[in-house]
Amino acid sequence: MVGTNWILMDWTFKACDETEWLPAKVPGCVHTDLLRNGKIPAPFYGTNEHDLQWIDKKDWEYQTHFDLTADLLAQTSLELVFDGLDTYADVYVNDHHVLAADNMFRVWKADVKALVMEKNNHVSIRFRSPIQEDLPKLKQLGYPLPASNDQSELGGLGDQKLSVFARKAPYHYGWDWGPRFVTSGIWREARLEGFSSARITELYIRQERITSETAEFTAVVEVECNQAGEAVIKLQTEGQAWELTVELIEGINQVELPARIVSPQLWWCHGLGEPKLYAFVVELTRQGKTISEQSISTGFRSIRLVREKDGQGTSFYMEVNGVPVFAKGANHIPSDSFVSEVTRERYRHEILSAVESNMNMLRVWGGGIYEQRAFYELCDEYGVLVWQDFMFACSMYPGDEAFRLNVEAEAEQNVRRLRNHPCIALWCGNNEIDSAWAHFNEHAGWGWKQHYTVDIREKLWADYEAIFHQILPKAVEQYAPGTEYWPSSPLVELSNEAGQHATSIKPAGDVHYWGVWHNNEPFENYNDRIGRFMSEYGFQSFPEYESVRTYASEEDMQLESAVMVAHQKSGTGNRVIKEYMERYMNEAKDFPSFLYMSQVLQAEGIKVAIEAHRRAKPYCMGTLYWQLNDCWPVASWSSMDYYGKWKALQYYAKRSYQDVLLLITTGEEGKLNFHIVSDLLTPLSGMLQLRLVDFAGGELWTHSAQVAIAANTAGLVLTLPVDELQQGHDLASIVLLAEFMVADETISSVEYYFVPAKEMQLCVPTITMTEVNGCNGATFALTTDTLAKQVWLSTEAEGQFTDNFFDLVAGVPKIVTFRSRAEGATTLTPSSPGRIRVQSMVDFIVK
């Protein structure tokens, strides 16, 4: 008889010290269940977060009743399976204790065949408060462990930081962009699994040698058997099949079936080719009857982290199918404080937004979760590489045996869970811990180690090395052989000396550069602070007005109101935004204008960084800004707000990440430098067309030059003296327009201004927007009578324009199309946006 699964439904919950049972949604958590039952106010609104800290101090209980189906009852083996329990939980079946969970990131199983009945079975789960559970651990340790982002004071715990003791999403305890909601609950699927004779529990396509000529691989099939004997394993994909007759023994069997495909279609990351996926099905048969089967999708590709000595240090880049890849992307955090609220549609919006923005990599940051299956499936589908952190961030962790064994099991399960996904490019041990502790450099780091005696320092470092230099790399090597492992981000290299730590920018390893923002350094420093791979940097902005109003009343719309401060988790972040705005921009006329201008400020700053990193190719081979998304509505470093609305930065990133990019920089001795960056695998040659115009569109000077750029590199293609262009014109009222054209097609274009934005002589533009005939109300042409900076097209419809927050130059029409995505669709299609509001910078500044 083929095995069967049964999802457990109809859950109820209550606080353990109360008697009222309430309906619960599984997957879910206590906070969302309380909200659905009207027991708490909206957690994200106003300062409600502060008033809901009592929830994590209580124990909670979930229960359900069920009858067994005839199929399940007939199975000889029956397991209760939880894909995720958050976090400390005791599970009872018909009043029998069957398992104790202590890790949010693990799957938990219990054999319940002998405990269940045909009718009226009862499952009860008691979730112990993570706070009450871990307070004794802190006391027993005798000293605190560093956890910089743990908002223990908001949680009413003073300086007692507990996040490090629980194998639970660190951001639940708060972060410098997220609220403190320490959840409990059944956060992934709960089900019964039954089988008789034998079942396939896992199919792993271990890729041995992948080229365009052949894909050599091994199908590793795990079979659980309770009836020894002969069986046949058959593997199929796209009309090809392989079979193997095996002798199964009772217990766990691992069967390896070698195979090869001639002339395979390879999986490529976005921008280099199609992300081809093969659907594999494996069947287990006995006496000609299929008793179990399993299917997976994967892609054939080779991925290598290339770290080789060169004339400038040591390289750091991803190579896909033998091609060096410049990583273009962002850091991903959990998309909700309550992760079970994130639907596949929300994941698709995020991944598709990344692809629409010309990204090819996302970093799953280590303070969140090992993401849901949908996230990785969509990255596979769209060709987005994933830099995958293990879930450790910005803290030192315990080193006792129980903690280490827990981590070992967590690492094994998650590496095995994700190893078939072709998108996984690299596993990284943690976020920022190596550089924060900086063990081999007494005067570097975040000031943590200075609070401990020498003996405790050595113990904490030994505990660190046990996890990040031994347990985690061993798990990757054992369960996903050939996959790259990087111990910490950022890191120079493992050397057991001061040079290991990325406490400054060095010509090796990866870099987190936070001089801009945290050290109040100017945006211009992005041009010089460049490493081999820029895995973090960023600047904050606010969401747009409509998004802010979802958590704030009109009376709260002030920079230092209690609500705005509560929704700014980076300390004095609102003041930092204001100070940078005063440095680079004119004064906002009111608070709604400040919101818009904060987005432009962020976008302009990160543009400097991205384009500096790309100009430095191939020395620098990756740029991942912080951060793509938000877990709640907030002022943060994100380029999309919590509701998925694109900020100005998302549009800027789309332009700055295009495969071929024309850039203009100011060189030495009054020169203008013209650069072309190309991610294409073929060389390009074409014409560089230059026009100098005044803000009213009057042409003042023209020039053209034949230029060329080699494949997959960046280069300086032209230098001109500024004096040749200026010719006595007022620099505050002219703009240089540059186009790189190949075969009469504009490949890339850019505007260059000769003075900072604050000094430009802007007039109020008259912008005309007309619908383009034959485009069903989706495409529009915009013109202006004078330069309009950062034109913002806003609409109530869900979707994006093909461009936005752009400069509109007089005499140069701009064509834009509004596109949206129907639920379940995989691409954006043109659609009518309804009413469009058109504004530009002069509408928001004090005149």
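Residues numbered from 1 in each chain as written. Predicted model: local features only at pLDDT ≥ 70, side-chain atom pairs only at ≥ 80, totals over all residues. Heavy atoms only, no water.

(A) Focus on helix H14 (residues 591–615). Along its 25 residues, H14 runs 36 Å from first to last C-alpha, staying within 8% of the 36 Å computed at 1.5 Å per residue. Burial of H14 is extensive: 20 of the 25 residues sit out of reach of the surface. (Helix = DSSP H or I, 4+ residues; strand = E, 2+ residues; numbered from the N terminus. Expected span 1.5 Å × (residues − 1). Buried < 20%, exposed > 50% of the residue type's maximum accessible area, 1.4 Å probe, protein only.)

(B) The arrangement of the pattern of salt bridges in detail. Counted by the stated rule, this structure contains 51 salt bridges. For the salt bridge of Asp679 with Lys328, the shortest nitrogen-to-oxygen distance reads 2.8 Å. Placement of the pair is Asp679 in the loop between strand E34 (671–678) and strand E35 (684–694) and Lys328 in strand E25 (residues 327–332), with a sequence separation of 351 residues. Accessibility assignment for this pair places Asp679 and Lys328 in one class, buried. Of the charged contacts in the structure, one is a salt bridge between Asp807 and Lys789, with a shortest N-O distance of 2.7 Å. Residue Asp807 is located in strand E44 (residues 806–808), and its partner Lys789 is located in strand E42 (residues 788–795); the two are separated by 18 residues in the primary sequence. Each of the two residues, Asp807 as well as Lys789, counts as buried. (Salt bridge = Lys/Arg side-chain N within 4 Å of Asp/Glu carboxyl O.)

(C) Layout of the sheet that holds strand E17 (residues 251–262). Taken in spatial order, the three strands of this open sheet run E13-E14-E17, and their pairing is antiparallel. Each edge of the sheet is formed by a strand with only one pairing partner; in this case those strands are strand E13 (198–210) and E17. Across this sheet, the average inter-strand angle for adjacent strands is 20°, counted without regard to direction. Pairing between E13 and strand E14 (residues 214–225): eleven bridges, direction antiparallel. Across the sheet, the residue bridging to Ile210 is Ala215, located in E14. (Pairing = 2+ DSSP bridges. Axes fitted to C-alpha atoms, helices over the stretch in contact; angles between N-to-C directions.)

(D) Broad picture of the packing of helix H13 (residues 573–584) against H14. Taken N-terminus to C-terminus, the directions of H13 and H14 make an angle of 75°; their axes are 10 Å apart at the nearest point. Classed by the angle they form, the pair H13 and H14 counts as roughly perpendicular. Between H13 and H14, the contacting residues are Ile577, Lys578, Tyr580, Met581 and Tyr584 on the first element and Phe594, Met597, Ser598 and Leu601 on the second. Partitioning the contact of H13 with H14 into residue classes produces seven nonpolar, one polar and one charged. (Parallel < 35°, antiparallel > 145°, perpendicular 65-115°, else oblique. Contact = heavy atoms within 4.5 Å. Nonpolar A, V, L, I, M, F, W, Y, C, P; charged D, E, K, R; others polar.)

(E) Broad picture of empty space enclosed by the protein. Scanning the model with the defined rule gives six cavities of 30 Å³ or more in all. If you go around the largest cavity, you meet 15 residues; those closest to its centre are Ser163, Pro170, Trp175, Ser395 and Tyr397. Broken down by class, the residue content of the lining of the largest cavity amounts to eight nonpolar, four polar and three charged. Considering only enclosed or pocket space, the second largest cavity measures out at about 60 Å³ in volume. What lines the second largest cavity is Gly28, Cys29, Asp86, His172, Thr183, Trp187, Ser337, Phe338, Val339 and Ser340. Broken down by class, the residue content of the lining of the second largest cavity amounts to four nonpolar, five polar and one charged. (1 Å grid on protein atoms, 1.4 Å probe; cavity = no way out; pocket = protein on both sides within 12 Å on 5 of 7 lines; lining within 4 Å. Points joined across faces, edges and corners; volume = space filled by probe spheres on them.)

(F) Examining the side chain of Arg188 more closely. In this fold, Arg188 is placed in the loop between strand E11 (185–186) and strand E12 (190–195). Within the structure, the side chain of Arg188 is placed 3.4 Å from the backbone oxygen of Glu371, a separation counted as a polar contact. One polar contact links Arg188 to Gln372, side chain to side chain, over a distance of 2.6 Å. Setting aside chain neighbours within four positions, we find Arg188 in contact with Val26, Pro27, Asp83, Gly84, Tyr370, Glu371, Gln372 and Arg417. (Polar contact = N/O pair within 3.5 Å; in protein donor to acceptor, adjacent residues only side chain to side chain.)

(G) Here's a closer look at the environment of Val262. Positionally, Val262 belongs in strand E17. Note: C-alpha distance between Val262 and Thr214 (48 residues apart in sequence) is 4.5 Å.

(H) Spotlight on the nonpolar core. The biggest cluster of nonpolar side chains holds 243 residues, and the ones touching the most others in it are Phe82, Leu85 and Tyr625. Formed by 27 residues, the second largest nonpolar core is a distinct cluster that contains Leu662, Leu690, Leu725 and Ala738. (Core = buried A, V, L, I, M, F, W, Y, C linked by side-chain atoms within 4.5 Å.)

(I) Focus on the side chain of Ser488. With respect to the helices and strands, Ser488 occurs in the loop between strand E29 (484–486) and strand E30 (511–512). With a relative accessible area of 0%, Ser488 lands in the buried category. A polar contact is formed between the side chain of Ser488 and the backbone nitrogen of Asp434, at a distance of 3.3 Å. With sequence-adjacent residues up to four places away left out, Ser488 is seen in contact with Cys428, Gly429, Asn430, Glu432, Ile433, Asp434, Tyr464 and Asp510.

(J) Expanded view of the pairing of E14. Across the twelve residues that make up E14, a large majority, ten, are buried. Here E13 hands over to E14 after three residues, the two strands then running antiparallel side by side. In the sheet, E14 pairs with E17 via twelve bridges, with the strands oriented antiparallel. Along E17, the bridge assignment pairs Val221 with Val255.

(K) Looking closely at the sheet that holds strand E5 (residues 77–82). Sheet architecture is open: four strands sit in the order E1-E12-E5-E9, paired in antiparallel fashion. Looking along the sheet, the strands with just one partner apiece sit at the ends: strand E1 (4–7) and strand E9 (108–111). The sheet shows a mean angle of 20° between the axes of neighbouring strands, taken without regard to direction.

(L) Seen up close, the pairing of strand E15 (residues 229–237). Bridging between E15 and strand E16 (residues 240–248) involves nine bridges; their strand directions are antiparallel. Bridging across to E16, Leu235 finds its partner in Trp242. In sequence, E15 turns back onto E16 through a hairpin of two residues, with Glu238 there showing a positive phi of about 45°. Of the strand pairs in this sheet, E15 and strand E18 (residues 278–286) are connected by five bridges, and their pairing is antiparallel. Following the sheet pairing, Ile233 is matched in E18 by Leu284.

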